[in-house]
Amino acid sequence: MVDLVKLQKALYRQWKRESEELLVQQPSEIRKYHSEFEKDFSKKSPGDFKKKADLIADVRSHRVTFIADFHTFQQAQRTALRILRSSVKPGENWAIGLELVPSKHQNVLDDFIAGKIQADEFRKRINYNESWGFPWENYSPLFEWAKTHRISMIALNRPSEFANLLKESDLKERDRWAAGILTDRLAEDPDLKIVVLYGELHVATSHLPTELKTVSQKYWKKQSIKSDLPDSIVIHQNHDRTFWKLAESPSKSEILKTTNILLLRKGVYCVFSAPPWAKLSSWLNWIEHDQVLIQGPQARSPDTDDEDEWEPETDLLSLIQQISDTIFKTIELPSPGFESLTFRNLGQADLVADHLRSADLTAFERSHFESLFRLGKDFYLAKTGLVFYRTPSLNLLSEVSALLLWRRQNRTYDIAIQSDEDFCREVLMQAFGFWGSLLLNPNRKCDFLKDLRKRKKESEMIRASIRILEKEKLWEDEVGFSFLKKSKRSKPIPPKQRLEPAKLIGRIIGHRCYQAFVEENLDISEIRRLLLTSRAGYRDRLVEIAMKAKTRKINQSKADLI
């Protein structure tokens with residue numbers, strides 16, 4: 001059996017070294033803060049696993065919830081939004097506290113929530129790029145959700161102009177400043193509950209939560225407030241050392257498949273929504289990109305249209321090679337090489353449009369990829385090697401690595417689906433691509449049948465996927481395939497609507513294969529034979545892999561996890 005944890009840890013250590021090389025010597029204040037942060041994880045036992053419902057109940061029963069934010073990592077902000085969506089009920093009195101907005105801009109924040117200004121104007125008025133600078137797309141869904149549901153937002157960060165006027169530790173003063181604002185809001189509105197998104201070092205229990213307790217205690221006493229002091233809980237995210245403790249323990253890693261919430265001690269949680277190397281990757285991508293923009297000899301202005309001034313492709317090729325090493329060592333095959341790939345982002349839309357117009361594509365292929373391009377969706381056009389992306393995420397690069405290998409092993413770039421065999425080919429390919437991405441991000445989610453049913457109004461393609469899944473019963477023990485045949489109850493799926501169901505179903509099978517693989521119900525030779533090689537018909541291989549990919553425990557919905 002391949003030692004997957006060993007391979008994953010090797011990748012993590014490599015990126016850890018790279019991140020340390022980019023860091024200058026940290027000030028003693030930050031080193032001390034980090035040491036105090038680690039005390040929240042100092043117990044020998046990692047803690048007790050809890051269900052999502054337990055965590056949400058705890059959030060709802062406390063006046064303040066602190067959620068750790070790793071600013072470059074979009075998954076951290078997504079997790080915060082998922083917790084909010086599950087915790088807040090219509091008509092309830094909630095607010096969201098934010099580190100990323102200086103408190104002097106509270107009026108601008110109020111204008112945004114009230115719909116008086118749009119996001120672009122909001123960012124301009126708070127000087128977002130200079131005062132915060134982390135990717136706006138990470139935080140945008142949180143802001144839009146709050147605006148839609150009229151959830152007030154509280155600007156908590158101490159304005160930078162005060163930084164040189166104080167003698168005490170800047171980090172501690174920032175905590176005290178935020179604690180003061182929170183105390184005022186809680187005292188003004190006794191029914192208010194606040195979820196605070198703040199940097200991960202700040203939400204250590206001895207930092208901002210303790211400052212809130214200290215400041216509010218003094219204020220409550222001074223104002224002779226009779227109500228109870230505001231109580232709080234802390235939700236950390238993706239702590240590296242604790243993750244490896246769990247991953248290297250067979251019993252703990254088994255539980256981690258079905259719940260990703262760990263109770264460290266009363267009122268202190270840690271949610272594992274992604275592996276530690278994914279968090280590191282986001283930071284490396286951000287800092288390297290930032291250095292090129294700021295320090296490079298031909299630094300690119302945000303206003304320029306000259307695509308030659310900054311080209312990220314070399315960095316992405318290096319990154320995808322590092323990622324692929326883990327996949328190919330696992331699958332025990334040599335890397336196919338990535339020199340043929342061309343990476344294009346949203347800022348290079350004209351180049352992507354020219355590529356799609358001039359490439360030797362069938363009418364169906366051109367229509368399909370132009371549609372994805374118009375919608376701004378990531379895609380890999382295997383025939384020409386084009387990778388179009390919004391952000392160069394770990395999920396995208398690892399999936400492209402696996403899909404490139406699959407295409408070359410099967411010697412086909414066809415995407416048209418005319419027959420059952422074509423459909424099964426596409427499902428197998430998507431299953432292998434998703435399986436490969438799970439090697440690098442075991443927490444990656446896909447839509448199960450229960451999730452698709454919630455989305456059935458979105459498109460006919462999702463409804464087609466539901467019909468197939470309901471007919472084939474992929475989530476149960478018995479599986480049989482007759483995807484496209486006519487029946488009295490359902491019409492055959494038109495060719496143009498078959499790619500999306502193949503992708504959705506392929507991801508479910510890829511997820512099941514990964515779970516079976518780590519449980520050692522599927523070994524690497526079976527993965528290679530059934531998912532990757534072309535020695536037998538696609539339909540026969542798909543039936544066999546679905547039957548073999550039975551897992552002892554599998555979530556029925558991605559909503560089961562935070």
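Cut-offs applied
- Residues numbered from 1 in each chain as written.
- Predicted model: local features only at pLDDT ≥ 70, side-chain atom pairs only at ≥ 80, totals over all residues.
- Heavy atoms only, no water.
- Phe/Tyr/Trp six-rings, centres within 6.5 Å; stacked < 30°, edge-to-face > 60°.
- Lys NZ or Arg CZ within 6 Å of the ring centre and 35° of its normal.
- Pairing = 2+ DSSP bridges.
- Helix = DSSP H or I, 4+ residues; strand = E, 2+ residues; numbered from the N terminus.
- Axes fitted to C-alpha atoms, helices over the stretch in contact; angles between N-to-C directions.
- Contact = heavy atoms within 4.5 Å.
- Parallel < 35°, antiparallel > 145°, perpendicular 65-115°, else oblique.
- Left-handed = near helix turned anticlockwise from the far one by under 90°.
- Nonpolar A, V, L, I, M, F, W, Y, C, P; charged D, E, K, R; others polar.
- Buried < 20%, exposed > 50% of the residue type's maximum accessible area, 1.4 Å probe, protein only.

> Would you take a moment to explain the packing of aromatic side chains for this structure?
For any two aromatic rings, the description comes down to two numbers: the centre-to-centre distance and the angle of the planes. If you walk through the whole model with that rule in mind, you get 24 aromatic pairs. Note on Tyr128 and Trp136: the rings are 5.3 Å apart at their centroids and 85° apart in plane angle, and the pair reads as edge-to-face. Each residue in the set Tyr12, Phe243, Trp244, Phe272 and Trp277 is aromatic and connected to the rest through ring pairs, giving one cluster. The ring of Phe112 carries Lys147 above its face, with NZ or CZ at 4.7 Å from the centroid. Sitting over the ring of Phe70, Lys279 keeps its end group 5.2 Å from the ring centre.

> For this particular structure, what's the right way to read the sheet that holds strand β2 (residues 64-69)?
Strand pairing within a sheet occurs via backbone hydrogen bonds; the two strands may be parallel or antiparallel. Spatially, the eight strands line up as an open sheet ordered β1-β7-β8-β6-β2-β5-β3-β4, and their pairing is mixed. Strands at the two margins of the open sheet, each flanked by one partner only, are β1 (48-50) and β4 (152-157). Sheet twist, expressed as the average angle between the axes of neighbouring strands with direction ignored, equals 30°. Sheet analysis places strand β7 (residues 261-265) next to strand β8 (residues 268-271), joined by four bridges and oriented antiparallel. Across the sheet, the residue bridging to Ile261 is Val271, located in β8.

> Help me understand the environment of Leu405 in this model?
Along the chain, the position of Leu405 falls in helix α17 (residues 394-410). The sequence separation of Leu405 and Gly433 amounts to 28 residues, and the corresponding C-alpha distance is 9.0 Å. Those residues within four positions of Leu405 in sequence are excluded, and the remaining contacts are Phe328, Ile331, Leu333, Pro336, Phe432 and Leu532.

> How do you make sense of the packing of α17 against helix α18 (residues 420-440) when you look at a structure like this?
Think of two packed helices as two axes; the pair is described by the angle between the axes and how far apart they sit. With their axes 8 Å apart at the nearest point, α17 and α18 run at an angle of 135° to one another. On the basis of their axis angle, the class for α17 and α18 is oblique. Of the two possible hands of crossing, α17 and α18 adopt the one that is right-handed. Seen from α17, the contacting residues are Leu394, Asn395, Ser398, Glu399, Ala402, Leu403, Leu405, Trp406 and Arg407; seen from α18, they are Arg425, Leu428, Met429, Gln430, Phe432, Gly433, Phe434, Gly436, Ser437 and Leu440. Residue composition of the contact of α17 with α18, by class: 10 nonpolar, six polar and three charged.

> Quick question: what am I supposed to make of the pairing of β7 here?
Within a regular strand, the side chains alternate between the two sheet faces. Extensive coverage of β7 is indicated by the burial of four of its five residues. Sheet topology note: the β1/β7 ladder contains three bridges and is antiparallel. Paired with Phe49 across the two strands is Leu262, which belongs to β7. A loop of two residues connects β7 with β8, the two strands running antiparallel in sequence, and Gly267 in this loop sits at a positive phi of about 80°.

> What am I meant to see in unusual backbone geometry here?
Glycine aside, negative phi is the norm for most residues, and most peptide bonds take the trans geometry. Non-glycine residue Arg150 carries a positive phi angle of around 55°. For Arg150, a relative accessible area of 55% corresponds to the exposed category. The backbone of Glu332 shows a phi angle near 60°, a positive value even though the residue is not glycine.

> Honestly, the sheet that holds strand β10 (residues 379-381) in this entry has me stumped. Any pointers?
The three strands lie next to each other as β9-β11-β10, forming an open sheet whose pairing is mixed. This sheet does not close on itself; its edge strands, each paired only once, are β9 (342-345) and β10. Each strand of the sheet is rotated relative to its neighbour by a mean of 20°, with strand direction disregarded. Judged from the four bridges that link them, β9 and strand β11 (residues 386-389) form a sheet pairing that is parallel. Considered in β11, the bridge of Arg344 is made with Phe388.

> How do you make sense of the pairing of strand β3 (residues 94-102) when you look at a structure like this?
Of all nine residues in β3, nine are buried; the element is thus mostly enclosed. For β3 and strand β5 (residues 193-199), the ladder comprises five bridges, and the chain directions are parallel. Counterpart to Ile96 in the pairing with β5 is Val195.

Just geometry here; none of it tells us what the structure is for.
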